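Survey of secondary and tertiary structure
Chain by chain, the residues:
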Amino acid sequence: MMKLNSKNDKRQRRHRRVRAKVKGTAERPRLSIFKSNKAVYAQLIDDEKGVTLASATSLKMKEKSLLLKAKSVGNLIAAAAKSKGIKSVVFDRSGYVYTGNVKAIADSAREGGLKF
């Protein structure tokens, strides 16, 4: 029997609620975050066309800590955005609490030059 109110179910409900309001465009794409137990991922998405403009992952990084990997992913996604001429994004935390790895990605992306 499956739990109806598991942690992931609640996160997915929050994510659907936020996604009903948050849309990315070509000028201001959506910076979407996903995190697993071993890695963190970030994507810049144009929702009007349904395409991913840039992405970054921590799968092949050598850092031990997931928090350090998250900071590196934030820097990578900011660099990828700069190379495509993107200065401003809409932040989509995917229902995750804004702390720890999610905050690290956001802060390092801001330091890299993204505005949100």
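See the structure printed just above.
Notes on the structure follow. Note that the structure is a prediction, hence the values are computed from the model and not measured.

Details of the overall build of the protein
- In terms of helices and strands, the protein carries 3 helices and 4 strands.
- When its helices and strands are written in sequence order, the protein yields α-β-β-β-α-β-α.
- For 116 residues, the compact-globule formula gives about 13 Å, and the C-alpha radius of gyration of the protein, at 14 Å, lands near that figure.
- Along the three orthogonal principal directions, the C-alpha set of the protein runs to about 50 × 35 × 20 Å.
- Out of the 116 residues belonging to the protein, those deemed buried represent 39%.
- Expressed as a percentage of contacts within the protein between residues at least 6 apart in sequence, the contacts between residues at least 24 apart total 55%.
- Carbon together with sulfur atoms contributes 54% to the accessible area of the protein, which is approximately 7300 Å² in total.
- Averaged over its 28 positive side-chain charges, the protein has a centre that lies 7 Å from the centre of its 9 negative ones.

Focus on the sheet that holds strand β4 (residues 90-92)
- Read from one edge of the open sheet, 4 strands run β3-β2-β1-β4, paired in mixed fashion. Both outer strands of the open sheet, β3 (51-57) and β4, are each paired with one neighbouring strand and no more. Along the sheet, successive strands turn relative to each other by an average axial angle of 20 degrees, direction set aside.
- Helix-sheet contacts for helix α3 (residues 101-111) involve β1 (30-35), β2 (40-46) and β4, and the interaxial angle to β1 is about 145 degrees.

Regarding the layout of surface pockets
- In this model, the largest pocket occupies a volume close to 260 Å³.
- Lining of the largest pocket is provided by Lys7, Asn8, Arg11, Arg14, Phe34, Lys35, Ser36, Gly95, Tyr96, Val97 and Thr99.
- Those elements giving two or more residues to the lining of the largest pocket turn out to be α1 (7-19) and β1.
- For the lining of the largest pocket, the leading source of residues is α1, giving 4 residues.
- Partitioned by chemical class, the residues of the lining of the largest pocket number 3 nonpolar, 4 polar and 4 charged.

Comments concerning a positive patch on the surface
- A surface patch of like charges, here positive, comprises Lys10, Arg13, Arg16, Arg17 and Lys21.
- Of the residues examined, Arg17 reaches a relative accessible area of 54% and is grouped as exposed.

Quick notes on α3
- Among all positions of α3, only Asn101, Val102, Ala104, Ile105, Ala106, Ser108 and Ala109 are buried.
- Check the buried side of α3 and you find it contacts β1, β2, α2 (66-83) and β4.
- At the C-terminal side of α3, Gly113 shows a positive phi close to 115 degrees.

Side note on the side chain of Asn101
- For Asn101, the position within the fold is in helix α3.
- Under the relative-accessibility criterion, Asn101 is labelled buried at 15%.
- If we ignore the near neighbours within four places in the chain, the residues touching Asn101 are Val40, Leu66, Leu67 and Ala70.

What counts, and at which threshold
Once a new chain begins, its residue numbering starts again from 1 and follows that chain's sequence as written. With pLDDT at 70 or above as the cut-off, local features in this predicted model cover only qualifying residues; side-chain atom pairs require 80 or more to be listed or tallied, and sums for whole chains, interfaces and linings still use all residues. Side-chain calculation: all heavy atoms of the structure are included, whereas hydrogens and water are not. Runs of H or I in DSSP of at least four residues are treated as helices and runs of E of at least two as strands, each being numbered from the N terminus. Radius of gyration: C-alpha atoms only; globule rule: 2.2 Å multiplied by the number of residues to the exponent 0.38. Relative accessible area decides the class of each residue, using a 1.4 Å probe on protein chains only: under 20% of the type maximum gives buried, over 50% gives exposed, and in between gives partly exposed. We call two residues contacting when some pair of their heavy atoms lies within 4.5 Å. Here, Shrake-Rupley sampling with a 1.4 Å probe gives the accessible areas, and only protein chains in the shown set may cover a residue. In this tally, Asp and Glu contribute negative charge and Lys and Arg positive charge; neither His nor the terminal groups of the chain are included. Every charge is mapped onto a representative atom, which is NZ of Lys, CZ of Arg, CG of Asp or CD of Glu. Between any two strands, at least two bridges found by DSSP are needed for them to pair. Helix axes are fitted to C-alpha atoms over the stretch in contact, other axes to C-alpha atoms as well, and angles between N-to-C directions run from 0 to 180 degrees. In this analysis the probe radius is 1.4 Å and the grid spacing 1 Å, with only protein atoms considered; a cavity is a set of points the probe fits into but cannot get out of, a pocket is an open set with protein on both sides within 12 Å along at least five of seven lines, and lining residues have an atom within 4 Å of a point. Grid points are joined across faces, edges and corners, and a volume is the space filled by probe spheres set on the points. Here the term charged refers only to Asp, Glu, Lys and Arg, the term nonpolar to Ala, Val, Leu, Ile, Met, Phe, Trp, Tyr, Cys and Pro, and the term polar to all other amino acids, Gly among them. Patch definition: residues with relative accessible area over 30% and no salt bridge; like charges joined within 9 Å; nonpolar side chains (Val, Leu, Ile, Met, Phe, Trp, Tyr) joined within 5 Å. A pairing counts as a salt bridge when a side-chain nitrogen of Lys or Arg comes within 4 Å of a carboxyl oxygen of Asp or Glu.

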